[in-house]
Amino acid sequence: KVSNQASETLTIVLIGPLGCQCADATLVVGGSGRNLNVRDGLPISVPLAPGATAELHFILDTARYREPVSRKVGSIPILFENAPPLLLEWAVDIWTPFMIEPWGLELGEVGVRERAQGRVLVQAHDDEKFGLHVDSKIEGWILKSTRLSAPGDPMLYEIHVTTPAELPEGGFSREFMFLTDLAGAPPVRFTVSGIARPDLSVSPTRILFDPARGQNVASLTFAHRAEGGLVKLLEVEDLPEGISVESLDAEPAARRSLSLRWKGAPPAETIRGKFKIRTGDAERPVIEVPWTVLHAGSTDS
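Residues numbered from 1 in each chain as written. Predicted model: local features only at pLDDT ≥ 70, side-chain atom pairs only at ≥ 80, totals over all residues. Heavy atoms only, no water.

Colleague: Report on the nonpolar core, specifying residues and quantitative values.
Modeller: Core analysis: the largest hydrophobic core is formed by 29 residues, its most contacted members being Phe 130, Leu 132, Leu 143, Ile 159 and Phe 190. Per-element tally for this core: the top contributor is strand 16 (residues 188–197), with four residues. Setting aside anything within four residues of it in sequence, one finds Phe 190 in contact with Ile 100, Pro 102, Trp 103, Val 120, Leu 143, Ile 159, Val 161, Arg 174, Glu 175, Phe 176 and Phe 178. (Core = buried A, V, L, I, M, F, W, Y, C linked by side-chain atoms within 4.5 Å. Buried < 20%, exposed > 50% of the residue type's maximum accessible area, 1.4 Å probe, protein only. Helix = DSSP H or I, 4+ residues; strand = E, 2+ residues; numbered from the N terminus. Contact = heavy atoms within 4.5 Å.)

See the structure below:
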């Protein structure tokens, strides 16, 4: 709480940095009916008349704390126009009955229809006993909890996460929050993030021949990450003179390999181009693969 005990109006021009994991911070000016949401580091202009008071209300987000804290302290500066600053100090004991690992589940690159999976562990601190029952389908996401700890051992739960049947292509981040049956406990909260790519992928995305150093063969691996997906067709088109197909997995499979060979001597100059591979896939019917053949004196790699 801040009280203006001067004979002139004071103007608050900045609050913060807050210096804490605050979910929300609000300045309440007494008698004015004015509530101002405080954004960390942004200038404000709030007049405080003589005798008036203001209160800073903030919520400390404890969901990210992985273990109990007996004394968490912090301070929040308040700056005035043409007056010395103030420093508000706060302290709190944080009760965190369990640890969440990881609280940010990163799936990396996944296929849009891969039904990628991951897991989050919820481990009790000390001897806390609690139930966690997660068996949900939320907008296509499937989550299920399983107790892993034996009777008498500290509580340990696994939350198994499966992505929806189809994700929009691009980056994704989804937060989940569940309550335990432990009275007064914070929620179990975590995020799942990653990047959804087309189900049919090729690695590497470009090939390099260096015949002067004996690197005459390059391989490509095609993978279909959709649940039950197959790489059904691989037809190579527009290969230049000097490059031929060395080997090709014949049968449709979730993963298929293709090898190409450079048959000639090193070229006088480095040459580049692209060839096409027809896949028969509805999402990526044609994949273009850049290729490079280095000349004898090249220092590229």
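And the narrative resumes.
Colleague: Please provide a residue-by-residue account of the environment of Gly 152, values included.
Modeller: By secondary structure assignment, the location of Gly 152 is in the loop between strand 13 (141–147) and strand 14 (156–162). Between the alpha carbons of Gly 152 and Val 38 there is a distance of 47 Å; along the sequence they are 114 residues apart.

Colleague: I'd like a rundown of the sheet that holds strand 18 (residues 207–209), residues and numbers included.
Modeller: Spatial ordering of the open sheet is given by 18-24-23-20, a layout of four strands whose pairing is mixed. The open sheet has two edge strands, strand 18 and strand 20 (235–237), and neither has a second partner. On average, each strand axis in the sheet is inclined to that of its neighbour by 30 degrees, with strand direction left out of account. Of the strand pairs in this sheet, strand 23 (residues 271–278) and strand 24 (residues 286–293) are connected by eight bridges, and their pairing is antiparallel. Pairing of Arg 272 across the sheet is with Thr 292, part of strand 24. (Pairing = 2+ DSSP bridges. Axes fitted to C-alpha atoms, helices over the stretch in contact; angles between N-to-C directions.)

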